[in-house]
Amino acid sequence: MTDETATTSKRAVRVAIVGAGNVGATCAYALLLNGTAAEIVLIDANRERAEGEAMDLNHGMPFTRPARVWAGDYADCAIADVVVLTAGAAQRPGETRLDLLKRNAAVFQQIVPQVVQHTREAILLVAANPLDALTYAAWKTSGLPASRVVGSGTILDTARFRYLLGQRFGVEPRSVHAFIIGEHGDSQVAIWSLANIAGMRLDDFCRMNGGTLDAEAKREIAQNARRAAYDIIRRKGATYYAIAAALVRIIEAIVRDQNSVLTVSSLAENVYGLNDVCLSLPGVVNRQGVSRVLLLPLDAEERGALENSARIIREAIATLSL
Ligand code: NAD
């Protein structure tokens with residue numbers, strides 16, 4: 001299909017992925033398996049890498065959903081529905097996400113203008129780290145409305161939290177409703193006060209259905225969610241399967257206009273008195289990007305921890321010349 005026919009008829013869902021490394025290529029693979037996108041273009045400074053990934057993905061096509069996958073360039077973003085930004089260096093063992101900031105902010109200064117030169121319609125979906133500062137940098141540099149710039153944020157941390165709680169209580173993670181908000185990083189905030197299974201707060205769940213959850217267990221679970229990236233990177237050098245699945249979930253919510261509540265990062269505009277900082281809160285995700293953010297009845301400790309997280313992200317953003 002040419003780009004011209006694509007714009008005149010009801011066109012196929014196109015996802016552009018800038019950065020065809022571990023995360024970008026795995027995201028393309030997950031998209032292919034789940035059939036969300038009919039067109040997937042991989043864009044990378046290392047053209048050969050993108051070409052190799054596209055070839056490998058195409059060869060799986062007899063066993064996946066039909067789609068068009070190719071190594072392209074920024075002009076291919078022109079009719080993309082979503083542009084995923086996964087370009088940049090990954091964390092080195094022991095390195096914090098904030099240590100990465102300067103290196104990856106420079107990458108974003110290079111790629112974001114090239115994306116918006118070709119589209120102002122696509123939703124930008126940021127996955128590179130440090131996530132919140134780069135989501136802010138992408139918003140500032142792009143000049144797009146804040147709702148159209150979405151960071152994967154704490155959707156992954158939330159998934160880890162739900163997995164760990166599911167393991168503890170013997171239910172699958174999809175049946176656990178719990179959020180981690182704030183920074184996708186060390187200052188993230190696990191919202192224990194609202195965590196529930198089958199509508200029951202966890203203390204009630206334990207009382208009615210067995211199980212225990214004392215302060216020490218909570219501390220350990222929150223720490224395991226927070227430290228997961230470090231623990232995985234130490235063992236295998238990078239993380240990419242879970243984030244790829246999470247990116248596909250966000251893309252699905254966008255292109256299918258699902259109004260899904262997901263903990264993604266977006267610009268805070270007068271939420272809990274926070275402004276001019278990107279961080280994760282439960283957001284309603286649809287064709288508009290993050291159309292609104294839901295306020296949670298946080299307890300005082302959680303509120304203080306969120307403010308601390310916002311302060312840490314704001315300090316990181318302040319080091320950037322935007
Ligand atoms: P990777 O090194 O495997 O891939 C990065 C890719 O970006 C490489 O192919 C590289 O050639 C490309 N690239 C670098 N500079 C570029 C530029 N200027 N233009 C175009 N392409 C460029 O890294 P990875 O493991 O895929 O990780 C990518 C990013 O995702 C990292 O910042 C990592 O920390 C982050 N990450 C985020 C999450 C999350 O929860 N949001 C989870 C895992 C990893």
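Before going into details, it helps to say that this report is about the structure given with it.

Parameters at a glance
Residues numbered from 1 in each chain as written. Predicted model: local features only at pLDDT ≥ 70, side-chain atom pairs only at ≥ 80, totals over all residues. Heavy atoms only, no water. Phe/Tyr/Trp six-rings, centres within 6.5 Å; stacked < 30°, edge-to-face > 60°. Helix = DSSP H or I, 4+ residues; strand = E, 2+ residues; numbered from the N terminus. Buried < 20%, exposed > 50% of the residue type's maximum accessible area, 1.4 Å probe, protein only. Lys NZ or Arg CZ within 6 Å of the ring centre and 35° of its normal. Near = heavy atom within 4 Å. Polar contact = N/O pair within 3.5 Å; in protein donor to acceptor, adjacent residues only side chain to side chain. Areas by Shrake-Rupley, 256 points an atom, 1.4 Å probe, with all protein chains shown as cover. Nonpolar A, V, L, I, M, F, W, Y, C, P; charged D, E, K, R; others polar.

What follows concerns the packing of aromatic side chains. Scanning the model with the defined rule gives four aromatic pairs in all. Pairing tyrosine 136 with tryptophan 139 gives two aromatic rings, centres 5.4 Å apart and planes at 70°, and the pair type is edge-to-face. Highlighted residues: tyrosine 136 and tryptophan 139, both in helix α5 (residues 131-142), separated by three residues, approximately one helical turn. Judged by relative accessible area, tyrosine 136 falls into the buried class, the value being 4%. The cationic tip of arginine 68 hangs over the ring face of tryptophan 70; the distance from NZ or CZ to the ring centre is 3.8 Å. Above the face of the tyrosine 240 ring, lysine 236 is positioned so that its terminal group lies 4.0 Å from the ring centre.

As a further point, take the site of the ligand. Close contacts around the ligand come from 27 residues, with Asn22, Val23, Asp44, Ala89 and Ala127 the closest. Within the backbone of alanine 89, one N or O atom sits 2.8 Å away from an oxygen atom of the ligand. A distance of 3.1 Å separates an oxygen atom of the ligand from a polar atom in the side chain of histidine 184. In isolation the ligand exposes 860 Å². Once the protein is present, 86% of that is buried. For the shell around the ligand, the elements supplying multiple residues, two or more each, are α2 (22-34) and α4 (101-118). No other element matches α4, which puts four residues into the shell around the ligand. For the shell around the ligand, the class distribution of residues is 13 nonpolar, 13 polar and one charged.

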